[in-house]
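Now for the letters of each chain:
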Amino acid sequence: GAGVSQSPSNKVTEKGKDVELRCDPISGHTALYWYRQSLGQGLEFLIYFQGNSAPDKSGLPSDRFSAERTGGSVSTLTIQRTQQEDSAVYLCASSRTSGVLNTGELFFGEGSRLTVL
Amino acid sequence: SQQGEEDPQALSIQEGENATMNCSYKTSINNLQWYRQNSGRGLVHLILIRSNEREKHSGRLRVTLDTSKKSSSLLITASRAADTASYFCATDAVQGAQKLVFGQGTRLTINP
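Here the structure is a predicted model, which means the values were calculated and not measured.

1. Section: the interface of chain A and chain B
Across the boundary between the two partners, chain A contributes 24 residues, which contact 22 residues of chain B. Both sides of the chain A and chain B interface together cover about 1,800 Å² of buried area, and 47% of this is carbon and sulfur. Across the chain A-chain B interface, the total number found is one salt bridge. Put simply, chain A and chain B have five residue pairs in polar contact (both at pLDDT 80 or more) between them. When contributions to the side of chain A that touches chain B are tallied by element, the ones reaching two or more residues are strand S4 (31-37) and strand S5 (43-50) of chain A. Tallying contributions element by element places S5 of chain A first for the side of chain A that touches chain B, with four residues. Among the residues forming the side of chain A that touches chain B, the class breakdown is 10 nonpolar, 10 polar and four charged.

Written out as structure tokens, the structure reads:
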């Protein structure tokens with residue numbers, strides 16, 4: 001596709017349920033990022049993929065959060081046993097690079113808004 | 001923790017005026033980027049400035065970088081109502097994995 005695609009755009013779930021958020025990056029982009037944005041706040045880094053591997057998982061808030069990327073393309077962020085504090089917009093971004101030492105321009109999707117009741 | 005901190009948190013000016021937003025960061029960087037976010041939307045890249053650059057222009061945007069002070073500024077000249085958005089700086093630290101760390105953002109309102 002022309003841009004980064006995320007689904008669902010909105011998800012309302014009950015506390016304790018599992019959710020899966022999907023990100024389809026721009027074709028050919030090797031780097032993929034997940035961020036979380038709470039209402040009116042900045043972006044909180046969650047995880048970064050280079051190809052299918054995740055060199056940096058340091059931002060995942062707890063072991064309830066996991067992510068995978070297959071075929072160097074689509075990525076799925078899974079949140080198990082959701083809690084109310086997980087409510088936020090989850091943003092995915094992709095990039096042509098990262099080069100060895102630097103990160104280039106990120107292209108963002110429109111985000112998945114998660115509401116945990 | 002956030003690497004970049006924007007200042008001010010909110011800015012409201014009249015259309016036609018210039019808007020200046022500042023960003024401070026803590027560690028040595030490879031580059032610094034500015035992004036814009038319209039309400040309820042994803043972020044859009046505006047400009048990237050490398051650590052060996054001091055100033056960069058793109059249309060009505062002017063970005064400066066002072067690595068000795070670990071700070072950057074974004075100037076939007078001749079503001080328009082359509083410039084109303086949140087603006088974020090993001091830094092790519094030298095140490096650690098390649099990722100962008102974002103600040104809390106400046107909420108800019110342009111009054112017609």
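2. Points about the sheet that holds strand S1 (residues 5-7) of chain A
Residues and elements named next belong to chain A. Ordered by their spatial adjacency, four strands build an open sheet running S1-S3-S8-S7, and the pairing between neighbours is antiparallel. In this open sheet, the two edge strands, each paired with only one partner strand, are S1 and strand S7 (65-69). Neighbour-to-neighbour, the strand axes of this sheet turn through a mean angle of 15 degrees, independent of strand direction.

3. Remarks on the pairing of S7 of chain A
All names here are of chain A. Note that S7 and strand S8 (residues 75-79) share five bridges and pair antiparallel. Looking at the pairing, Ala67 lines up with Leu77 of S8. Between S7 and S8, which pair antiparallel one after the other, the connecting turn spans five residues, and Gly71 there sits at a positive phi close to 60 degrees.

4. Observations regarding the packing of aromatic side chains
The final tally for this structure, using the stated rule, is eight aromatic pairs over all chains. Between Tyr35 of chain A and Phe45 of chain A, the aromatic rings sit 5.8 Å apart at their centres with planes inclined by 75 degrees, giving edge-to-face as the arrangement. Of this pair, Tyr35 of chain A sits in strand S4 while Phe45 of chain A sits in strand S5, and the two are 10 residues apart along the sequence. By the burial criterion, Tyr35 of chain A is buried, and Phe45 of chain A matches it. With a centroid separation of 5.9 Å and an interplanar angle of 80 degrees, the aromatic rings of Phe108 of chain A and Phe102 of chain B are classed as edge-to-face. Placement of Phe108 of chain A in strand S10 (residues 107-108) and of Phe102 of chain B in strand S10 (residues 101-102) is noted, with the two residues assigned to different chains. Judged by relative accessible area, which is 0%, Phe102 of chain B ranks as buried.

About the criteria used
- Residues numbered from 1 in each chain as written.
- Chains lettered and ligands numbered in written order.
- Predicted model: local features only at pLDDT ≥ 70, side-chain atom pairs only at ≥ 80, totals over all residues.
- Heavy atoms only, no water.
- Contact = heavy atoms within 4.5 Å.
- Buried area = accessible area lost by both parts, 1.4 Å probe.
- Salt bridge = Lys/Arg side-chain N within 4 Å of Asp/Glu carboxyl O.
- Polar contact = N/O pair within 3.5 Å; in protein donor to acceptor, adjacent residues only side chain to side chain.
- Helix = DSSP H or I, 4+ residues; strand = E, 2+ residues; numbered from the N terminus.
- Nonpolar A, V, L, I, M, F, W, Y, C, P; charged D, E, K, R; others polar.
- Pairing = 2+ DSSP bridges.
- Axes fitted to C-alpha atoms, helices over the stretch in contact; angles between N-to-C directions.
- Phe/Tyr/Trp six-rings, centres within 6.5 Å; stacked < 30°, edge-to-face > 60°.
- Buried < 20%, exposed > 50% of the residue type's maximum accessible area, 1.4 Å probe, protein only.

By themselves, these figures tell us nothing about what the structure is for.
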